[in-house]
Structures are given as C-alpha cells and as structure tokens.
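If you want the building blocks of each chain, they are given just below.
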Amino acid sequence: MQFADTVKATIRGVYGLSPYLWVDSYLKKREFENTEGTPEQISWRTKRLLLSERYIVYWLFGSIILFFLTPVLHVWFAIPLLLRVLGILNKELGVILFGICKITEGTMVAASGRAIVLGLVNYITAMFLFASIYALTGSFTNIPDYTQLALPVWPLIQAMNMQFTLSGAFQPANLLTWSVCLFQSGFCFMFGTIVISMFVSLLNIRPIQK
C-alpha cells in the first residue's frame, strides 16, 4: 500500500468516529434510494447540505458557550475539546488531499464560496476550543492582572494571538501548556495551507487575449 493510501485510510478512520458521519450516512442512504434529479433525491441532498452547515455553525456557538462555562468544567473536559479540534483538521485534510469526508466526494478540492466560509467558521470554532483548553489546563508566567476578571480573558487572548499570529501572548509555564501551544500553532499552519489551497482553486487564470 502506498503511503498516500495509508494517510487516506487513517483520515477515513478518524472521520468514522464522528457522530455527524453516522447521521449523514443515513441521509445518504435515503438519497441514493431515489433516481438522480428527482424531487425526492434533491430533497434528501438538501437535507444533507443543511445538516453539514448546521453541524459546523452549531459547533461554533457551542464552543463559545463552552468557553463561558470553563470556570465550572473539570480539567479532563479538555480531552474531548482537543479531539474536536483534531476532527476539524482531519476533515479539512480529507477534503483537500483526497476529496473525501464531504457530501460530494470525488472532487479533490471543494472550490466554492460555501466551502471557504464553512472552513473559516471551523477555524474560529477551533480558536474558542483552544481558549477553553487554555482556561482548563493552561499555565503561564506573565499573565497581567487586568485579564483576571470574573471570567478570565487571558485564555481567549492567548488563543486569538496564536490563531492569527502563530505566536503566544504569554509564556508557557510547564510542558503541558507548551504542548498545547505547539499543537495550536501546527493546527493554524496546516489549516492556513488548506484555506490558501481553497482560494487558489477558485482562481480562473486565463492567458491575455491579444
């Protein structure tokens, strides 16, 4: 087996753990029970598209709510948050590299405005997830007093700084925090490459007509 096939199988395996895939598989089965182009087939395809969009958008709102709940969450809640971040990256890599993990499988790059917008929503979702992870497990040495409010804002500042500049706002104080910071920077680098690939795929470059 080629290395690319191994990577593809790994991405499919991780994607198979997502509850979204289970629901979409049912809708996909119902869609393919109907002839292509019929109103029934189009209706089921529309339901799959709506499910995909709502799943992504609801995770954005959920990640924001989770950040506000971090003062009452247990530290081990950071594990499912990290898994969700990994799931976001896994799905986007599947879409870009192999044209999988999406509704219209087969196309190498989903070159559409819809795909880019949803990709950016995933990016912001990951930022809030990382903010929650920092709030639950992060330890830094130079956190200003003015960020220590009823809901500390330093985790969000750290996550935003890493997400948009690839550099931390504060100095990690232990190995666990360093690991999370490195994971976030790696996520941002790979996700940035994915989004750039999407934008490039939208370009329609033609020679100048003389």
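Residues take numbers from 1 onward in each chain, read along the sequence in its written order. In keeping with the predicted nature of the model, local features appear solely for residues at pLDDT of at least 70, side-chain atom pairs appear and are counted solely at 80 or more, and the whole-chain, interface and lining totals rest on all residues. Here the side-chain values reflect all heavy atoms present in the structure, with hydrogen atoms and water set aside.

## A short note on the overall build of the chain
Counting its regular elements, the chain contains seven helices and zero strands. By residue count, 39% of the 210 residues in the chain fall in the buried class. Here the chain has roughly 12100 Å² of accessible surface; of this, 69% comes from carbon and sulfur atoms. Every helix listed is a DSSP run of H or I at least four residues long, and every strand listed is a run of E at least two residues long, numbered separately from the N terminus. Each residue's exposure class comes from its accessible area (1.4 Å probe, protein chains only) as a fraction of the maximum for that residue type: buried when under 20%, exposed when over 50%, partly exposed otherwise. Per-residue and other accessible areas were derived by the Shrake-Rupley procedure at a 1.4 Å probe size, with only the shown protein chains allowed to occlude residues.

## Quick word on the pattern of salt bridges
Whenever a carboxyl oxygen of Asp or Glu lies within 4 Å of a side-chain nitrogen of Lys or Arg, that contact is scored as a salt bridge. Counting across every chain of the model gives four salt bridges. Between Arg 48 and Asp 24 there is a salt bridge whose closest N-O contact spans 2.9 Å. One end of the pair, Arg 48, is in helix 3 (residues 39-69); the other, Asp 24, is in helix 2 (residues 19-31), and 24 residues separate them in sequence. Comparing Arg 48 with Asp 24, the two get one shared label, buried.

## Considerations on helix 3
To estimate the expected span of a helix, count its residues, drop one, and scale the result by 1.5 Å. Taking 1.5 Å of rise per residue, the 31 residues of helix 3 would be expected to cover 45 Å, and the 44 Å separating its terminal C-alpha atoms lies within 8% of that figure. Of all the residues in helix 3, the buried ones are Gln 41, Trp 44, Arg 48, Ser 52, Ile 56, Leu 60, Ser 63, Leu 66 and Phe 67.

## Details of the nonpolar core
Of all hydrophobic cores here, the largest spans 42 residues; its most connected members are Phe 130, Tyr 134, Phe 140 and Phe 187. When residues of this core are traced back to their parent elements, those giving at least two are helix 1 (3-15), helix 2, helix 3, helix 4 (78-98), helix 5 (113-137), helix 6 (154-165) and helix 7 (175-202). Examining the composition of this core, we find that ten residues originate from one element, helix 5, more than from any other. If we ignore the near neighbours within four places in the chain, the residues touching Phe 130 are Val 85, Ala 159, Gln 163, Val 180, Phe 183, Gln 184 and Phe 187. Buried Ala, Val, Leu, Ile, Met, Phe, Trp, Tyr and Cys residues form a nonpolar core when they are joined through side-chain atoms within 4.5 Å. In what follows, a contact means two residues having at least one pair of non-hydrogen atoms within 4.5 Å.

## Let's talk about the packing of aromatic side chains
Here a Phe, Tyr or Trp ring, Trp counted by its six-membered ring, pairs with any other such ring whose centre lies within 6.5 Å, and the pair is stacked when the planes are under 30 degrees apart, edge-to-face when over 60, and tilted otherwise. Scanning all chains against the criterion turns up ten aromatic pairs. Pairing Tyr 123 with Phe 191 gives two aromatic rings, centres 5.2 Å apart and planes at 40°, and the pair type is tilted. Taken together, the residues Tyr 123 in helix 5 and Phe 191 in helix 7 connect sequence positions 68 residues apart. Note on accessibility: Tyr 123 and Phe 191 belong to one class, buried. A connected cluster of aromatic rings, assembled from ring pairs, spans Tyr 123, Phe 130, Phe 183, Phe 187 and Phe 191.

## Focus: the packing of helix 2 against helix 3
Where helices are involved, their axes are fitted lines through C-alpha atoms of the stretch in contact, as for all axes, and angles between N-to-C directions lie from 0 to 180°. At a minimum axis separation of 8 Å, helix 2 and helix 3 run at an interaxial angle of 170°. Taken together, the axis directions place helix 2 and helix 3 in an arrangement best described as roughly antiparallel. In this structure, helix 2 uses Pro 19, Tyr 20, Val 23, Asp 24, Leu 27, Lys 28, Arg 30 and Glu 31 to contact helix 3, whose residues at the interface are Gln 41, Trp 44, Arg 45, Lys 47, Arg 48, Leu 51, Ser 52 and Tyr 55. Partitioning the contact of helix 2 with helix 3 into residue classes produces seven nonpolar, two polar and seven charged. In this scheme, roughly parallel covers angles under 35 degrees and roughly antiparallel covers those over 145, while 65 to 115 is roughly perpendicular and the rest are oblique. The nonpolar class holds Ala, Val, Leu, Ile, Met, Phe, Trp, Tyr, Cys and Pro. Asp, Glu, Lys and Arg form the charged class, and all remaining residues, Gly among them, are polar.

Everything listed here is a matter of coordinates, which is why it stays silent on function.
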